[in-house]
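Structural overview for review
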Amino acid sequence: MLTLYHTPISLNSRRVWVTLIEKGLEFELVEIKLSGEQFQPDFLAINPFHHVPALVDDDFSIVESLAILDYLEAKYPTPKMLPTEAKDLTIVRMVQMVSVNELLPAIYPLVQRILDLPGEDPEKVEQAEQKIATVLTFFDKLLDDRPYFGSDNLTLADVVAGTIIPILSSRGGISLDNYPKISTWSSDLITRPAWQNSEATEEAFAEFRSNMLARMEQN
Ligand SMILES: N[C@@H](CCC(=O)N[C@@H](CS)C(=O)NCC(=O)O)C(=O)O
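Residues numbered from 1 in each chain as written. Predicted model: local features only at pLDDT ≥ 70, side-chain atom pairs only at ≥ 80, totals over all residues.

1. Remarks on the overall build of the protein chain
Counting secondary structure elements, the protein chain contains eleven helices and four strands. The C-alpha atoms of the protein chain give 17 Å as radius of gyration, which agrees with the globular expectation for 219 residues (17 Å, within 12%). Expressed along its principal axes, the backbone C-alpha trace of the protein chain runs to roughly 50 × 45 × 25 Å. For the protein chain, buried positions account for 32% of its 219 residues. Restricting to contacts in the protein chain with at least 6 residues of sequence separation, those with at least 24 account for 67%. (Helix = DSSP H or I, 4+ residues; strand = E, 2+ residues; numbered from the N terminus. Rg over C-alpha atoms; globule rule 2.2 N^0.38 Å. Buried ≥ 20, exposed ≤ 12 C-beta atoms within 10 Å, placed from the backbone. Contact = placed C-beta atoms within 7 Å.)

Okay, structure coming up:
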């Protein structure tokens, strides 16, 4: 039995959730509220680093979302979400790593905008927007005449980048107009059932917003 420990608003969690759905797997979802549940001993026994996501497959616990995706691909290879040809596999890995190491950190200065909170830092926002533009230009070039990164079918690169980029345009004020391939790719992804069924609700955003506000008032 597969159990995903997650938080609805977490982009790191959502890529695992989407992959489980895309692979047609049965799984149980357990929500961990990041207001403290991640430090409970039961959860620390699964992930000593107190992060979501974590996936438990019977007695095997896996942490780090990209490792979880590799596990799911190796154990449940249908549908295939990782190409085997050298160039295509490398495109998938590049998109995954650039998403996590370049794009995700660039989102933090946009959190106020995404959550409609005060206190945006214009200088940091400008740096973030420049970094995001560099990533989107790079990704737009990597999408060739195929609809997905390195493949005619959905890959783990689409899952990782595709659970970050749509939120930048829907909530982060980032236009995709200058990146025509990424724009089409993003619009198509969000219509898939896996995206529709794993989308954070307005209530989840509101809860996260009020937690952030409370933290800002404490500081
Ligand atoms: N590199 C990890 C990052 C996980 C992560 O940072 N998760 C955040 C939520 S997006 C978290 O659990 N934060 C709560 C905490 O660290 O206490 C992964 O990809 O799984």
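Additional details are given in the paragraphs that follow.
2. Section: the domain arrangement of the protein chain
We note that the domain assignment places domain 1 (2-79) and domain 2 (86-196) within the protein chain. Domain 1 and domain 2 are separated by 22 Å when their C-alpha centres are compared. Of all the elements in the fold, those that place two or more residues in the side of domain 1 that touches domain 2 are α1 (11-22) and α3 (65-75). Per element, the largest residue contribution to the side of domain 1 that touches domain 2 is seven residues, and it comes from α1. (Domains from an automatic or database assignment.)

3. Points about the pairing of strand β1 (residues 2-6)
As paired elements, β1 and strand β2 (residues 27-31) share five bridges and run parallel to each other. The partner of Tyr5 across the bridge, within β2, is Val30. At this point the chain moves from β1, through α1, to the parallel β2, and the crossover so formed is right-handed. (Pairing = 2+ DSSP bridges. Right-handed = clockwise from strand over helix to strand, strands pointing away.)

4. A word on the nonpolar core
Val95, Ile132 and Ala157 are the most contacted members of the largest nonpolar core, which has 45 residues in total. Residue assignment places this core across two domains, with domain 1 (2-79) and domain 2 (86-196) each supplying three or more. (Core = buried A, V, L, I, M, F, W, Y, C linked by C-beta atoms within 7 Å.)

5. Describing the environment of Met94
Here Met94 is to be found in helix α4 (residues 86-107). Counting along the chain gives 45 residues from Met94 to Phe139, while the straight-line C-alpha distance between them is 9.5 Å.

6. Observations regarding the sheet that holds β1
With respect to topology, four strands assemble into an open sheet ordered β2-β1-β3-β4, the strand pairing being mixed. Each having just a single partner strand, β2 and β4 (60-63) make up the two edges of the open sheet. Sheet twist, expressed as the mean angle between neighbouring strand axes with direction ignored, is 20 degrees. Contacting β1, β2 and β3 (54-57), α1 crosses the sheet at an angle of about 150 degrees to β1. (Axes fitted to C-alpha atoms, helices over the stretch in contact; angles between N-to-C directions.)

7. Description of the packing of α1 against α3
How two helices sit against one another is set out by the angle between their axes and by the gap between those axes. Relative orientation of the contacting elements α1 and α3 amounts to 10 degrees, with a least axis distance of 9 Å. Accordingly, the angle class assigned to the pair α1 and α3 is roughly parallel. The residues of α3 that touch α1, namely those facing Asn12, Arg15, Val16, Thr19 and Leu20, are Ser65, Ile68, Leu69 and Leu72. When the residues that make up the contact of α1 with α3 are grouped by side-chain class, the tally is five nonpolar, three polar and one charged. (Parallel < 35°, antiparallel > 145°, perpendicular 65-115°, else oblique. Nonpolar A, V, L, I, M, F, W, Y, C, P; charged D, E, K, R; others polar.)

8. Observations concerning α4
For α4, built from 22 residues, the straight-helix expectation of 32 Å at 1.5 Å per residue is met to within 8% by its first-to-last C-alpha distance of 30 Å. By the largest-angle criterion, Ser99 marks the main kink of α4, which is about 40 degrees. Listed as buried for α4 are Ile91, Val92, Val95, Gln96, Ser99, Leu103 and Ala106. (Expected span 1.5 Å × (residues − 1). Bend = angle between axes of the 7 residues up to and from the residue.)

9. Brief notes about helix α9 (residues 180-189)
Helical geometry: 3.6 residues make up each α-helical turn, so side chains three or four residues apart lie on a common side. Within α9 the residues assigned to the buried category are Ile182, Trp185, Ser186 and Leu189. Looking straight down α9, one finds that the buried residues subtend no more than 100 degrees of arc, so they occupy a single side. In α9, the exposed positions that point more than 90 degrees away from the buried face belong to Pro180 and Ser187. Among the structural elements, α6 (122-142), α7 (156-162), α8 (165-170) and α10 (193-197) are those in contact with the buried residues of α9. (Arc of directions from axis to C-beta.)

10. Thoughts on unusual backbone geometry
The omega torsion across Val52 and Pro53 is 5 degrees, close enough to zero to call that bond cis. As for its position among the elements, Pro53 is in the loop between α2 (41-46) and β3. Look at the link from Thr78 to Pro79: it is a cis peptide, with omega at -5 degrees. Positionally, Pro79 belongs in the loop between α3 and α4.

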